[in-house]
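# Geometric and topological summary
Each chain, letter by letter, is given below.
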Amino acid sequence: VGTMRIKAKTGALLIAAFSAASLLCAGDGRAGVATIVGPLPSPLPTPRFDLAFDSTTDTLWGIENATASANVMNFTLAGTFVSGFLTESNWNNMGIAVNQLAGASKRIYYWQNIARTITEVEENGTLLGSTSLPFGYQSVIRAIGFDPAEGRIIAPHGAVESQSIEAGFSHIEPGVGIESTELFDFDAQLRMSMFLGFELSADSYWVLGPTASVDEIVQIDRATLTVVDNFVLPGSSGQTYRGLARDPDTGIFYTNFNDEEIRALTLPEPGAAAGVLALAT
């Protein structure tokens, strides 16, 4: 068992032991097991759902789903509360995203599936507008992301045949609605039909969900919509992890673990031997 050191933005060192479980993935087509590089407390009440990384402040945004006190919170990578606000009504908070447009005012987007609505607010919670999605999407969308390149919200989802909704990644213009959907058969390609976290980079989609008896982060190439690799999350048993945020500078992922803590994770390099770890790109 070795150790790995990752330089955090604060200058501190996060130290973690390699998981012996990574050896289990050497021959099953997966790149390996993600490595925990640091737990942090969360100020959010439970149950906690999606997360988003704010590159403008190097902080996290999270959303919780308690019926009586639904809210959104911004906090540091040490788990220190910065600010927060209550969401609109109590419509089952699931997804959250932050705009990363250079020079633009901060915008927070959150998805409430019972209302089938993505709400756009300022960082203090001041309402700016909302986007309603057609009936059926309340059953399949649980996490959202924001693509600064196109200024659109993107959401992965499964199919609803009765509503003519095909599985894939929907691109949503704030205030307008779904503009297009990149078709992708999650069931056939990933054995995954529930998406509990989602992030994106310029060249990849990152989907978190349960497959069989474990949770995985799956990397999908955006240009070809082909699977790059699957990464098993340590200590998972199916829906153990919820929400996904990614620091684009370090490649570190953040996800809620069992409502006990937020885990910071790194992934093995795709195609590398199990146990050889690198920052995700």
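Sequence order as written defines the numbering, with residues in each chain counted from 1. This being a predicted model, a pLDDT of at least 70 is required before a residue's local features are given, and a value of 80 or more before pairs of side-chain atoms are given or counted; all residues contribute to the totals for chains, interfaces and linings. To get the side-chain values, all heavy atoms of the structure are used, and hydrogens and water are removed first.

### Let's talk about the nonpolar core
Quick note on the threshold: Only buried Ala, Val, Leu, Ile, Met, Phe, Trp, Tyr and Cys residues count toward a nonpolar core, and they belong to the same one when joined by side-chain atoms within 4.5 Å. For every residue, the accessible area (1.4 Å probe, protein chains only) is compared with the maximum for its type, and the residue is labelled buried under 20%, exposed over 50%, or partly exposed between those bounds. The secondary structure listing takes helices from DSSP runs of H or I that are at least 4 residues long and strands from runs of E that are at least 2 residues long, numbered from the N terminus.
Within the largest apolar cluster, 27 residues are counted, with the highest numbers of intra-cluster contacts made by W61, W111, I141 and I144. For this core, the secondary structure elements donating two or more residues are β5 (48-54), β6 (59-64), β9 (93-98), β10 (108-112), β11 (117-121) and β14 (152-157). Grouped together as the second largest cluster of nonpolar side chains are 16 residues, I154, M192, Y205 and L225 included.

### Observations concerning the sheet that holds strand β12 (residues 127-132)
The criterion, for reference: If DSSP finds at least two bridges between two strands, the strands pair. Angular values range over 0 to 180 degrees, each being the angle between N-to-C directions of two axes fitted as lines to C-alpha atoms, with helices fitted over their stretch in contact.
Taken together, 4 strands build an open sheet; the order of strands is β9-β10-β11-β12 and the sheet is antiparallel. Looking at the sheet topology across the chains shown, the edges are occupied by β9 and β12. Taken over all neighbouring pairs, the strand axes of this sheet differ in orientation by 20° on average, direction set aside. The pairing of β9 with β10 spans 5 bridges and is classified as antiparallel. Its bridge partner being in β10, N93 is matched across the sheet by Q112.

### Some thoughts on the pairing of β5
Across the 7 residues that make up β5, a large majority, 7, are buried. For β5 and β6, the ladder comprises 5 bridges, and the chain directions are antiparallel. In the sheet register, L51 faces β6, and the bridge partner there is G62. Here β5 folds back onto β6 in antiparallel fashion, the turn holding 4 residues, of which D58 has a positive phi close to 55°.

### Structural notes on the pairing of strand β7 (residues 71-75)
Summarising burial for β7: 5 of the 5 residues are buried, a large majority. Burial of the side chains of β7 extends over both faces: N71, M73 and F75 are buried on one face and V72 and N74 on the other. One ladder, built from 4 bridges, connects β6 with β7; its direction is antiparallel. Its bridge partner being in β7, I63 is matched across the sheet by V72. The pairing of β7 with strand β8 (residues 81-86) spans 5 bridges and is antiparallel.

### Quick notes on the layout of surface pockets
Using the following cut-off: Only protein atoms enter the 1 Å grid, on which a cavity is a set of points fitting a 1.4 Å probe that cannot get out and a pocket is an open set with protein on both sides within 12 Å along at least 5 of 7 lines, lining residues being those with an atom within 4 Å of a point. Grid points are joined across faces, edges and corners, and a volume is the space filled by probe spheres set on the points. Under the convention adopted here, Pro, Cys and the residues Ala, Val, Leu, Ile, Met, Phe, Trp and Tyr are nonpolar, Asp, Glu, Lys and Arg are charged, and Gly plus all remaining residues are polar.
Of the pockets and cavities examined, the largest pocket occupies roughly 300 Å³. Of all elements in the fold, only β5, β9, β13 (145-147), β17 (197-200) and β21 (241-246) reach the threshold of two or more residues within the lining of the largest pocket. Here the residues of the lining of the largest pocket are counted per class, giving 14 nonpolar, 4 polar and 2 charged.

### Examining unusual backbone geometry
Cis geometry marks the peptide bond from T46 to P47, where omega comes out at 0°. In this structure, P47 sits in the loop between β4 (35-40) and β5. Although it is not a glycine, Q239 adopts a positive phi angle of roughly 65°. Position of Q239 relative to the elements: it lies in the loop between β20 (226-232) and β21.

### A closer look at the pattern of salt bridges
Put simply, the rule is: By convention in these notes, a salt bridge is any Lys or Arg side-chain nitrogen within 4 Å of a carboxyl oxygen on Asp or Glu.
Applying the stated criterion across every chain yields a total of 8 salt bridges. With a shortest N-O distance of 2.9 Å, D147 and R222 are connected by a salt bridge. Taken together, the residues span a long stretch of sequence, with D147 in strand β13 and R222 in the loop between β19 (214-221) and β20 at a distance of 75 residues. We classify R222 as buried; its relative accessible area is 15%. Beyond isolated ion pairs, a larger network of salt bridges with shared partners links D54, K106 and E123.

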